[in-house]
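The lines below spell out each chain.
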Amino acid sequence: MNSVRCSRLAASLACLLLSFSVATSATKVNKHKPWIETTYHGIVTENDVTVLLDPPLIALDKDAPLRYAGEICGFRIHGQNVPFEAVMVDKTTGEGVLRAKESMDCELQKEYTFTIQAYDCGEGPEGENMKKSHKANVHIQVNDVNEYSPVFKEKSYKATVIEGKKYDSILRVEAIDADCSPQYSQICSYEIVTPNVPFTIDKDGFIKNTEKVNYSKDRQYKLAVTAYDCGKKRSTEDVLVKINIKPTCKPGWQGWNKRIEYEPGTGSLALFPSMHLETCDEPVTFIQATIELETSHIGKGCDRETYSEKSLHRLCGVASGTVDLLPSPSSSTNWTVGLPTDNGHDSDEVFEFNGTQAVKIPDGILTTSSEEPLTISVWMRHGPGAGIQGEKETILCNSDKRDMNRHHYSLYVHNCRLVFLFRQNPSESENFRPAEFHWKIDQVCDKEWHHYVLNVDIPTVALFVDGVAHDPFLVTEDYPLHHSKIQTQLVVGACWQGGEFRMAQFYHGSLAGLMVQTGKIESKKVIDCLYTCKEGLDLFDSENLDKSMKVHFNPTQSLLILEGNDIEKFDKSIQHVSYLNSRQFPTPGIRQLKITTSVKCFNEETCITIPDVEGYIMVLQPDEPKISLSGIDHFARAASEFESDEGVPLFPELKIISTVTREVEPEGEDEDEPTVQESMISEEIMHNLDMCEVSVLGDELNTEQESFDVVQSQLRQRGMEMSNSSTGMIITGVDTMANYEEMLHLIRYRNWNSESLFERKFKLVCSELNGRYTSNEFSVEVNVIHTANRVEHPNHVLVQPEFVRPVHHASVDLSGHNLANPHPSTVVPSAATVVIVICVSFLVFMIILGVFRIRAAHQRTVRDQENGKENEMDWDDSALTITVNPMETYEDQHSSEEEEEEEEEESEEGDEEDDITSAESESSEEEGEQEDQQNVNRQQQLEWDDSTLTY
């Protein structure tokens, strides 16, 4: 009907309207979109294509039961390379299935995710105006099939065990499975197929022995091991495990010597040049070795310079003015005389306090003020049970001398805590200020020597223990002291209670080197210098040490820790460990040495135990120096020189040398055995001195008329100090032998009332290292020459006194020259003829007598030279007029009459010698013999006898 209507051209517009109406009616037929679930989960088995979906794949359409519009024509999968397809089962019900395009392989891909969409059939068979549902997510999991067998990672395994040892694990075998699922890809168990072997394997593949194996019985075991996955599928091939049995091996350090000798002065000594670590083939991955040098028995903890603490302060750069409160007892420092000492130390005197001793420091030794800084340093050894629990143990205390018990400042130990009290002086302001500082440190009570330095600069006090700074854990404040005119008393080892007039708070322990410096505080550099050891562990050639090694030293270098992960590199590193003692004369003896080692294996656990290495370093006795003092040991001076302002130099030509005697090996193997003298050589060495003492032999000095003088400015310039007493003088301070020699040249002896003095004897001794090495005792005897008159001549020409008769007494100077008549007259007195006649008869006798005396004098001179007394008489004849009878020493053998005849004969000979030239006089044998005889007489005559002189 419509076509008829449309055939009419006149009704074309109506036809168009009718077509639009029909189309609108058809659209209204397919009103709804298909509907599916939002999410689907599916499973497909490996080697299969069927997918089991949950929920089932069904699409619904509300347009049903209309044909086409209510029917589902299919499903569409969205995604790239999705190996699945959706197949329509029933269009009317909307049921479909999902299946794989090809067989699945779980090992290639275990899961798939994509989207799916349903669409209806539209309005007709051509599918016009079809509608699509929303996109739903589909997750497909591929189920694994146990198709693969376990396979071992290695073709074979091998290990080595030591006989007689039971292992928790010898080695581990490991298999893998190519299946994709945990059930079939995991290895659930291992099994040793070889029967009757003393080994077992766990589920993780670790093999261990069930009993100790014996190398003599079996040297190797061959085990066949199989593996099972969790699907009970066995490996297609068993793996071979070889376990070698090794004879008993003891892990530890090998190639070291228990005794290591160190020769002083040789520098750094390698301690373990051939040592290596035996791990018995254990798979070591980490090694740590701790090398410890034990020196607590040496001095105050190690080999330090054994100068006095005061000398060390100077060497380390401490300013002058430091006061030693515990000096070695001497005539000038006698307040420590009664204290018990420990002589086991070669440095400062160590004083022992047992709770009953204390020493009062004399007034004027130390003056302090609360307004200026000060430094206190001390060596202390103190134990926990030293004193009564709860009691204060005072090291240093300054308190009221009388009436009251106020403590102005003190350093004490209280319950193993170090406390320093410093009260401020009276002031107008009554403000609180820090007054008491407490430190809680282990060193106070560990019974070891420690070095303590307190830098006091109120309101702060800095404590250094063994060079390490420690902060106080408690600081309390207090008011200033009240005004008082009471003097204070400084005490070491206790505190003086002035109100009770007794000592209290006694110290128990050892102290040494208690030094106080006022006006400044010490720098860290100086503090380190005072404590630093001169010996310790070292690493020579450290530049070539492997970079992977870790090295740790403690501050004193008595402890060294090496860490590494390679045995070969570790062995080379430990061979670099050395011992170094930089002292010129180290303390001989034993230094204990210990090495503690720990190792780890691949599982980061300790696998073997390395025994400790214990040995010792024997520091040999150094070549001891022989300090020799030499010079003029006997001389005479005029009394006027002793009484002058300058005095007389005691050691004008003193020489100080030091030598060591060393043994040398003879060169050549075929030479004869050397004698003792041939194998020892003496070498001069240079080192310091720290003390020289001049002692008076005989009566002590009378301070009202005698004294020692030295230029104080020269002493201060060199940092030396001098103490003087009636028994002598002491010069202290570390300095070179040359400087000491120069200072001793300046020592002069004065006696401004020398009328009754004829001789004085002195002794000089010098020492090094606080008395460790001492020189010889150099004695000097000084004679006082008393003369009849004292005429000073600038040209040192001596004149014969007018009241001495030249006929009977020949005046000679100390060189044996005739001074009475330097220009003899040619006129002979009338009495000369008689004298000549008398003397001729004795001429032969006098010649024989002269020869005899010359020979005797010569023999005595040779003997004196052999005894080292060639310098015994050094006569200074300047400005002296001495009248001597040259034959006076022969009085005991001849009468006075013979002496007169002899003198007359000499006068006659003097007249006869007027005609002899000076050259002939010098070559005259008789005159030479006479001069020798006079020299002998002068050497014998040490004390002048002027009884025969005419005044």
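Residues numbered from 1 in each chain as written. Predicted model: local features only at pLDDT ≥ 70, side-chain atom pairs only at ≥ 80, totals over all residues. Heavy atoms only, no water.

**Student:** Provide a residue-level description of the overall build of the protein, including the pertinent values.
**Tutor:** Along the backbone of the protein there are 15 helices and 59 strands. Taken over 951 residues, the protein has a buried fraction of 42%. Excluding contacts between residues fewer than 6 apart, the proportion of contacts in the protein whose partners are at least 24 apart in sequence is 72%. For the protein, the accessible area works out to roughly 50900 Å², and carbon and sulfur atoms hold 49% of it. (Helix = DSSP H or I, 4+ residues; strand = E, 2+ residues; numbered from the N terminus. Buried < 20%, exposed > 50% of the residue type's maximum accessible area, 1.4 Å probe, protein only. Contact = heavy atoms within 4.5 Å. Areas by Shrake-Rupley, 256 points an atom, 1.4 Å probe, with all protein chains shown as cover.)

**Student:** Any details on unusual backbone geometry? Residues and values, ideally.
**Tutor:** Geometrically, the link from Asp54 to Pro55 is a cis peptide bond, its omega value of 0° lying close to zero. As for its placement among the helices and strands, Pro55 is situated in the loop between strand 2 (51-54) and strand 3 (57-58). In this chain, Ala64 is followed by Pro65 through a cis amide linkage whose omega measures 15°. For Pro65, the location among the structural elements is in the loop between strand 3 and strand 4 (72-78). Backbone geometry at Lys232 places phi at a positive 70°, although glycine is not the residue there. Secondary-structure assignment places Lys232 in the loop between strand 16 (220-229) and strand 17 (239-246).

**Student:** Can you break down the confidence of the model for the protein residue by residue, with the values?
**Tutor:** Summary statistics for the protein give a mean pLDDT of 78 and a share of 77% for residues scoring 70 or more. Ignoring residues within four places in sequence, the model shows residues 1-27, a span with pLDDT below 50, making 6 contacts including any to other chains. Segment residues 790-830: pLDDT under 50, and 68 contacts once partners within four positions in sequence are set aside and those in other chains are kept. (pLDDT = per-residue confidence, 0-100.)

**Student:** Can you break down helix 6 (residues 567-574) residue by residue, with the values?
**Tutor:** All of the buried residues in helix 6 are Phe570, Asp571, Ser573 and Ile574. All buried residues of helix 6 project into a common sector of 165° when viewed along the axis, lining one side. Here the buried face of helix 6 lies against strand 18 (252-254), strand 21 (276-278), strand 22 (284-294), strand 40 (535-539), strand 42 (559-564) and strand 43 (577-581). Structurally, the start of helix 6 carries an N-cap: the backbone nitrogen of Glu568 is 3.1 Å from a side-chain oxygen of Asp566. (Arc of directions from axis to C-beta. Polar contact = N/O pair within 3.5 Å; in protein donor to acceptor, adjacent residues only side chain to side chain.)

**Student:** Residues and numbers for the pairing of strand 28 (residues 392-400), please.
**Tutor:** Counting buried residues along strand 28, 8 of its 9 residues qualify, which places the element largely inside the surrounding structure. Examined bridge by bridge, strand 28 and strand 29 (residues 407-414) share 7 bridges and lie antiparallel to one another. Residue pairing across strands places Cys397 opposite Ser410, the latter belonging to strand 29. Between strand 28 and strand 29, which pair antiparallel one after the other, the connecting turn spans 6 residues, and Asp403 there sits at a positive phi close to 70°. When strand 28 meets strand 36 (residues 488-492), the two strands line up antiparallel, connected through 5 bridges. By the bridge assignment for strand 36, Asp400 is matched with Thr488. (Pairing = 2+ DSSP bridges.)

**Student:** Can you break down the sheet that holds strand 42 residue by residue, with the values?
**Tutor:** The 6 strands are arranged 19-45-44-22-42-41 in an open sheet whose pairing can be described as mixed. Every other strand in the sheet has two partners, leaving strand 19 (259-262) and strand 41 (550-553) as the edge strands with one partner each. Recorded for the sheet is a direction-independent mean angle of 20° between the axes of neighbouring strands. Set on the sheet, helix 6 makes contact with strand 22 and strand 42; between it and strand 22 the angle comes to about 15°. (Axes fitted to C-alpha atoms, helices over the stretch in contact; angles between N-to-C directions.)

**Student:** Before we move on, could you go through the sheet that holds strand 2 and cite the residues and values that matter?
**Tutor:** Sheet architecture is open: 5 strands sit in the order 2-1-8-7-4, paired in mixed fashion. Each edge of the sheet is formed by a strand with only one pairing partner; in this case those strands are strand 2 and strand 4. The sheet shows a mean angle of 30° between the axes of neighbouring strands, direction not considered. Sheet topology note: the strand 1 (residues 39-45)/strand 2 ladder contains 4 bridges and is antiparallel. What sits directly across from His41, in strand 2, is Asp54.

**Student:** So what's going on with the side chain of Gln705? Which residues, and what values?
**Tutor:** Along the chain, the position of Gln705 falls in the loop between strand 51 (688-697) and strand 52 (706-709). Among the polar contacts made by the side chain of Gln705, one reaches the side chain of Asn753 at a distance of 3.4 Å.

**Student:** Can you explain the pattern of salt bridges? Please cite residues and give values.
**Tutor:** Pairing between side chains of opposite charge can happen when the charged atoms of each approach one another. Scanning the entire structure with this criterion turns up 18 salt bridges. The shortest N-O distance in the salt bridge between Arg259 and Glu261 comes to 3.0 Å. Given a relative accessible area of 44%, Glu261 falls into the partly exposed group. (Salt bridge = Lys/Arg side-chain N within 4 Å of Asp/Glu carboxyl O.)

**Student:** Lay out helix 5 (residues 524-531) in plain terms, naming residues and giving numbers.
**Tutor:** Those residues of helix 5 that fall on the buried side of the exposure criterion are Val526, Ile527, Leu530 and Tyr531. Mapping the buried residues of helix 5 onto a view down its axis gives an arc of 130°, with all of them on the same face. Those residues of helix 5 that are buried lie in contact with helix 4 (309-315), strand 27 (374-381), strand 32 (449-457) and strand 33 (460-465).

**Student:** Before we move on, could you go through the environment of Glu294 and cite the residues and values that matter?
**Tutor:** When you line up the elements, Glu294 lands in strand 22. C-alpha of Glu294 to C-alpha of Ile617: the two residues are 323 residues apart in sequence and 9.8 Å apart in space. If we skip the residues at most four places from it in the chain, Glu294 touches Arg591 and Gln592.

**Student:** Before we move on, could you go through the environment of Thr476 and cite the residues and values that matter?
**Tutor:** Mapped onto the secondary structure, Thr476 falls in strand 35 (residues 474-478). In this view, Thr476 contacts Arg433, Pro434, Ala435 and Glu436; residues no more than four positions away in its chain are not counted.

**Student:** Account for the nonpolar core, naming residues and giving values.
**Tutor:** Leu650, Ile656, Phe708, Leu744, Ile747 and Leu764 are the most contacted members of the largest nonpolar core, which totals 48 residues. Not counting chain neighbours up to four residues away, the residues in contact with Phe708 comprise Leu650, Val694, Val696, Leu701, Asn724, Gly728, Met729, Ile747, Arg748, Tyr749 and Phe762. Core analysis: the second largest hydrophobic core is formed by 40 residues, Val359, Leu366, Val444 and Leu490 among them. (Core = buried A, V, L, I, M, F, W, Y, C linked by side-chain atoms within 4.5 Å.)

**Student:** Now, about the pairing of strand 51: what can you tell me, with residues and values included?
**Tutor:** Along a regular strand, successive side chains alternate from one face of the sheet to the other. Direction of pairing for strand 51 relative to strand 54 (residues 728-736): antiparallel, over a ladder of 7 bridges. Residue pairing in the sheet places Met691 in a bridge with Thr732 of strand 54. Inspection of the sheet shows strand 51 paired to strand 56 (residues 759-768) by 7 bridges, in the antiparallel sense. By the bridge assignment, Cys692 is partnered in strand 56 with Cys766.

**Student:** Just give me the short version of the packing of aromatic side chains, but keep the residues and values in it.
**Tutor:** The description of an aromatic ring pair rests on the distance of the ring centres and on the angle between the ring planes. Overall, the coordinates contain 18 aromatic pairs when judged by the stated rule. For the ring pair Trp496 and Phe501, a centre distance of 4.9 Å and an interplane angle of 75° mean the geometry is edge-to-face. Ring plane angle 75° and centroid distance 6.0 Å describe the contact between Phe642 and Tyr749, whose orientation is recorded as edge-to-face. Here Phe642, found in helix 7 (residues 639-643), pairs with Tyr749, found in strand 55 (residues 748-751); they are 107 residues apart in sequence, far enough to count as distant. Above the ring of Tyr119, the side-chain terminus of Arg76 is found at 5.3 Å from the ring centroid. Positioned over the ring face of Trp496 is Lys360, at 3.8 Å from the centre of the ring. (Phe/Tyr/Trp six-rings, centres within 6.5 Å; stacked < 30°, edge-to-face > 60°. Lys NZ or Arg CZ within 6 Å of the ring centre and 35° of its normal.)

**Student:** Can you explain the environment of Gly498? Please cite residues and give values.
**Tutor:** Following the sequence through the fold, Gly498 ends up in the loop between strand 37 (495-497) and strand 38 (502-504). Using a relative accessible area of 6% as the deciding quantity, one classes Gly498 as buried. C-alpha separation for the pair Gly498 and His407, spaced 91 residues apart in sequence, amounts to 9.8 Å. If near-sequence neighbours (up to four positions away) are discounted, Gly498 is found in contact with Asp400, Lys401, Arg402, Asp403, Met404 and Asn405.

**Student:** How would you explain the state of the cysteines if you had to name every residue and give the values?
**Tutor:** By the definition in use, this model includes 6 disulfides. The disulfide that involves Cys73 links it to Cys121, with 1.8 Å between the sulfurs. Because the sign of the S-S torsion sets the handedness, a value of about 125° for the bond joining Cys73 and Cys121 places this disulfide among the right-handed ones. Highlighted residues: Cys73 in strand 4 and Cys121 in the loop between strand 7 (111-120) and strand 8 (136-143), separated in sequence by 48 residues. Here Cys692 is linked by a disulfide to Cys766, with a sulfur-sulfur distance of 1.9 Å. (Disulfide = S-S within 2.5 Å.)

**Student:** Quick rundown of a nonpolar patch on the surface? Include the residues and the values.
**Tutor:** There is a patch of nonpolar side chains on the surface, built from Trp35, Ile58 and Leu60 and spanning about 280 Å² of accessible area. Note on Trp35: relative accessible area 43%, which makes it partly exposed. (Patch = residues over 30% accessible without salt bridge, like charges linked within 9 Å, V, L, I, M, F, W, Y side chains within 5 Å.)

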